[in-house]
Number of protein chains: 4
Amino acid sequence: MHDDKTTRRAGRPRSAEKNDAILRAALDLLARQGYVRMTLDQVAAAAGVSKSTIHLRWKTKADLLTAALAAVRMAGAPPSSGDLRTDLLAILRDFARTVERVNGMALIGTCLAEEDHTPELLALLRERTVLPRRALLREVLERGREEGSVRADADLEAAVSALLGPFYADHLAGRGGRPGWAEQAVDLTLAALRPVGGR
Amino acid sequence: MHDDKTTRRAGRPRSAEKNDAILRAALDLLARQGYVRMTLDQVAAAAGVSKSTIHLRWKTKADLLTAALAAVRMAGAPPSSGDLRTDLLAILRDFARTVERVNGMALIGTCLAEEDHTPELLALLRERTVLPRRALLREVLERGREEGSVRADADLEAAVSALLGPFYADHLAGRGGRPGWAEQAVDLTLAALRPVGGR
Amino acid sequence: MHDDKTTRRAGRPRSAEKNDAILRAALDLLARQGYVRMTLDQVAAAAGVSKSTIHLRWKTKADLLTAALAAVRMAGAPPSSGDLRTDLLAILRDFARTVERVNGMALIGTCLAEEDHTPELLALLRERTVLPRRALLREVLERGREEGSVRADADLEAAVSALLGPFYADHLAGRGGRPGWAEQAVDLTLAALRPVGGR
Amino acid sequence: MHDDKTTRRAGRPRSAEKNDAILRAALDLLARQGYVRMTLDQVAAAAGVSKSTIHLRWKTKADLLTAALAAVRMAGAPPSSGDLRTDLLAILRDFARTVERVNGMALIGTCLAEEDHTPELLALLRERTVLPRRALLREVLERGREEGSVRADADLEAAVSALLGPFYADHLAGRGGRPGWAEQAVDLTLAALRPVGGR
DNA sequence: CATGAATGAGCGTTCATTCAT
DNA sequence: GATGAATGAACGCTCATTCAT
């Protein structure tokens with residue numbers, strides 16, 4: 001009789017490895033194929049489980065993909081090198097690297113395309129990836145404001161959009177991945193935010 | 001081989017009205033449903049033709065949607081009020097209005113999502129809508145440079161991305177449609193581009 | 001230009017043979033397998049068409065089977081040999097023969113079993129086969145009443161149930177197909193309906 | 001081999017309560033959903049056990065339902081008020097009440113529909129419910145014959161079918177539950193069985 | 001013994017595409 | 001040219017059954 005701290009559930013426990021494999025495969029295929037084109041057969045094959053195993057855990061395809069997006073977790077604390085520009089650059093570069101690694105633009109595209117049909121996708125993408133990243137940038141900018149290198153009356157949310165926006169605009173223009181984009185975005189934004197007659 | 005200017009085909013000519021109706025319906029449905037979810041039956045019904053009529057003109061679904069995107073034409077000359085800020089604002093506002101009218105973010109999303117599978121879509125979207133709009137902005141910025149209100153060494157392409165980018169970033173952050181976004185983007189960009197010591 | 005009497009519909013006409021083959025196969029399989037066990041694949045295979053052809057004509061499985069039952073048509077005029085007993089016997093024997101030929105008890109069973117789930121089935125079976133047969137019997141009994149061989153105050157609907165009922169009761173008792181059942185039912189019923197002191 | 005009266009198995013004995021709960025749930029669901037539509041998940045949920053517990057006792061779905069039908073037990077002794085008509089009526093009314101209470105027509109329908117596929121079902125239904133009821137009616141009729149109120153040469157099995165049959169015929173005609181059906185059936189049958197010149 | 005996980009086979013339905021009129 | 005019929009290949013989902021704890 002084992003009765004440690006955790007109450008033992010009856011029956012065979014649900015495999016955590018399978019859970020992870022399924023969610024990973026689902027997210028990957030979602031980015032590579034889009035919501036509709038991705039099939040549960042593909043997910044099952046990629047995760048090495050049967051289709052029924054997926055349905056045992058998530059009732060519908062939408063549930064699965066919602067869970068897959070919900071499982072995405074964003075980094076942690078903002079960098080703090082002591083230099084405003086350096087910190088912003090670090091965040092933007094990490095952002096670009098992550099987007100490229102997970103085929104993020106296609107994933108963003110899918111969530112946008114499905115907004116009318118499965119609005120949870122975009123909502124989750126926003127909550128799990130977009131807003132946390134923005135919060136990081138905002139924190140760094142707030143530190144800059146305290147230091148005096150950012151104008152006190154600056155709209156920091158607008159500044160965040162100015163930092164991230166060029167990445168999207170460049171991608172749509174076919175200029176994605178261009179070296180120096182992050183520096184340009186940071187320098188342009190900081191130039192605009194510099195206090196009048198400042199430093 | 002016909003040597004007229006207009007090559008004449010034998011038999012009953014294909015109805016241009018039907019062509020247009022099909023392409024219009026296809027584009028609309030592409031934006032509202034996405035590539036895969038949109039069906040040819042829906043297009044046929046919306047255009048008031050039979051499904052076979054569509055296949056008679058375009059061999060595959062991808063061909064049809066490529067043609068639908070290729071048929072998109074962008075405005076024309078840049079505004080020229082004499083004031084740099086006013087002109088940029090006019091372009092950005094028209095941009096936002098157009099995107100909202102045609103469910104443009106979903107359309108962009110679809111093209112992004114399909115990039116691996118049907119790359120022509122994103123290429124055409126870029127060519128027909130993104131790049132022409134960017135060219136407009138660039139022209140205005142160049143006029144500003146000539147006038148002296150924009151720094152001579154400014155990277156104008158980066159500036160264009162700084163002008164358009166916040167729109168995308170805001171949308172993804174759930175801040176889309178926020179009033180004043182265009183003013184903020186223009187003011188931020190122009191502040192950064194202002195010649196040193198300049199007005 | 002052909003314009004006879006019937007307005008010519010555009011496109012390829014829908015094959016009437018396929019229609020019939022599908023309905024026939026559906027009814028047969030419905031009787032042999034029951035509603036749920038019967039599959040559209042089986043119907044398609046038996047009818048020599050693709051599954052899609054079935055869905056082109058009937059939106060759902062329930063629609064198809066409803067149509068299959070609705071297509072069942074019952075005989076015509078009641079026999080009239082001049083002898084009441086003979087006429088009733090002829091109807092009952094034809095009834096039994098038909099039920100056996102089309103696996104009718106299983107079909108009836110399916111409609112009863114599905115009553116909670118697809119009530120149209122039992123309703124159609126009733127309308128197309130049960131009630132017409134009862135009407136026949138009733139007509140003959142009415143002629144008997146006019147002749148004076150059936151009591152004037154007899155409840156003829158109850159008499160009809162007395163004529164048909166033993167068939168069902170016998171089947172359930174495992175005595176189905178017993179020779180002489182029809183004679184027994186008719187004689188018992190007529191004996192009960194004979195006018196007091198009548199012929 | 002144990003030589004007790006009750007064979008004792010080794011290990012924890014199977015819970016009799018669970019057995020009963022499962023069989024009761026299975027029978028109820030069989031009547032309400034039909035053989036194929038009813039699922040073992042539903043049975044497990046209704047009985048408050050796991051699906052595996054069911055399979056532990058019965059190898060297949062068919063086995064379970066066979067056992068469920070086999071567990072049905074019919075009343076007991078025939079009523080004996082001293083009056084033939086009263087006794088027959090009592091049996092028929094109890095019959096109708098029982099059928100309605102357990103959704104009996106749907107259950108009968110399922111057994112009929114499954115006859116080709118799982119013939120044990122109809123066989124058991126017959127053995128456990130139909131034949132016992134018929135035996136009751138037959139006993140009462142035999143008493144009537146001894147009393148002289150039923151003709152000596154009457155075919156009592158046919159009479160039983162004449163008593164029960166109208167119930168089925170009425171149900172199929174959409175006249176089920178009609179008040180007075182039992183009286184009509186009894187009176188019609190007794191009238192036909194009355195000895196010639198008898199009381 | 002009892003449970004919950006895991007699965008293979010299969011179902012109704014959809015859709016881009018091809019065929020016949 | 002234009003239509004509607006016909007189809008093969010999937011897809012999401014279900015379920016009786018088997019496996020592991």
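These figures come from a predicted structure and were not determined experimentally.

Student: How would you summarise the interface of chain D and chain C if you had to cite specific residues and measurements?
Tutor: Between chain D and chain C, the contact holds 43 residues from the first and 43 residues from the second. Taken over both partners, the interface formed by chain D and chain C buries close to 3600 Å², and the fraction arising from carbon and sulfur atoms is 63%. The largest contributions to the chain D side of the interface with chain C come from R37, L172 and L188 of chain D, which together make up 21% of the buried area. Between the two partners, chain D and chain C, sit four salt bridges. Here E157 of chain D ties to R175 of chain C by a salt bridge, and the two come within 3.9 Å at their closest N and O atoms. At the junction of chain D with chain C, the criterion picks out 14 residue pairs in polar contact (both at pLDDT 80 or more). Sorting the residues of the side of chain D that touches chain C by element identifies α6 (104–113), α7 (119–147), α8 (156–172) and α9 (181–193) of chain D as the ones contributing at least two each. For the side of chain D that touches chain C, the element with the most residues is α8 of chain D, which contributes 12 residues. Residue composition of the side of chain D that touches chain C, grouped by class: 21 nonpolar, 11 polar and 11 charged.

Student: A description of the pattern of salt bridges should follow, citing residues and the corresponding values.
Tutor: The final tally for this structure, using the stated rule, is 64 salt bridges over all chains. The salt bridge partner of K51 of chain A is D41 of chain A, with a shortest N-O separation of 3.2 Å. A residue pair is termed long-range when its members are at least 10 positions apart, and K51 of chain A in helix α3 (residues 51–57) and D41 of chain A in helix α2 (residues 40–47) qualify at 10 residues. The salt bridge partner of D153 of chain D is R151 of chain D, with a shortest N-O separation of 3.1 Å. Relative accessible area serves as the criterion here: at 62%, D153 of chain D is assigned to the exposed category. When salt bridges that share partners are traced, they join R134, R138, E142 and E157 of chain A together with D170, R175 and R178 of chain B into one network.

Cut-off values and rules
- In this convention, every chain numbers its residues from 1, walking through the sequence in written order.
- The order in which chains are written sets their letters, starting at A; the order in which ligands are written sets their numbers, starting at 1.
- Restriction of local features to residues with pLDDT of at least 70 applies here, the model being predicted, together with a cutoff of 80 or more for giving and counting side-chain atom pairs; totals for whole chains, interfaces and linings are based on all residues.
- Values reported for side chains reflect all heavy atoms of the structure, with hydrogen atoms and water molecules removed beforehand.
- The criterion used for residue contact is that any of the two residues' heavy atoms lie within 4.5 Å.
- Put simply, buried area is the surface a 1.4 Å probe can reach on two separate parts but cannot reach once they are joined, added for both.
- Any Lys or Arg side-chain nitrogen found within 4 Å of a carboxyl oxygen on Asp or Glu counts as a salt bridge.
- Polar contacts, as counted here, are pairs of nitrogen or oxygen atoms within 3.5 Å of one another; within protein the pair requires one atom able to donate a hydrogen and one able to accept it, and residues that are adjacent in sequence qualify only if both atoms are side-chain atoms.
- Runs of H or I in DSSP of at least four residues are treated as helices and runs of E of at least two as strands, each being numbered from the N terminus.
- Gly is put with the polar residues, along with every residue not named as nonpolar or charged; the nonpolar set is Ala, Val, Leu, Ile, Met, Phe, Trp, Tyr, Cys and Pro, and the charged set is Asp, Glu, Lys and Arg.
- Partly exposed describes any residue whose relative accessible area lies between the buried limit of under 20% and the exposed limit of over 50%, with all areas from a 1.4 Å probe on protein chains only and scaled to the type maximum.

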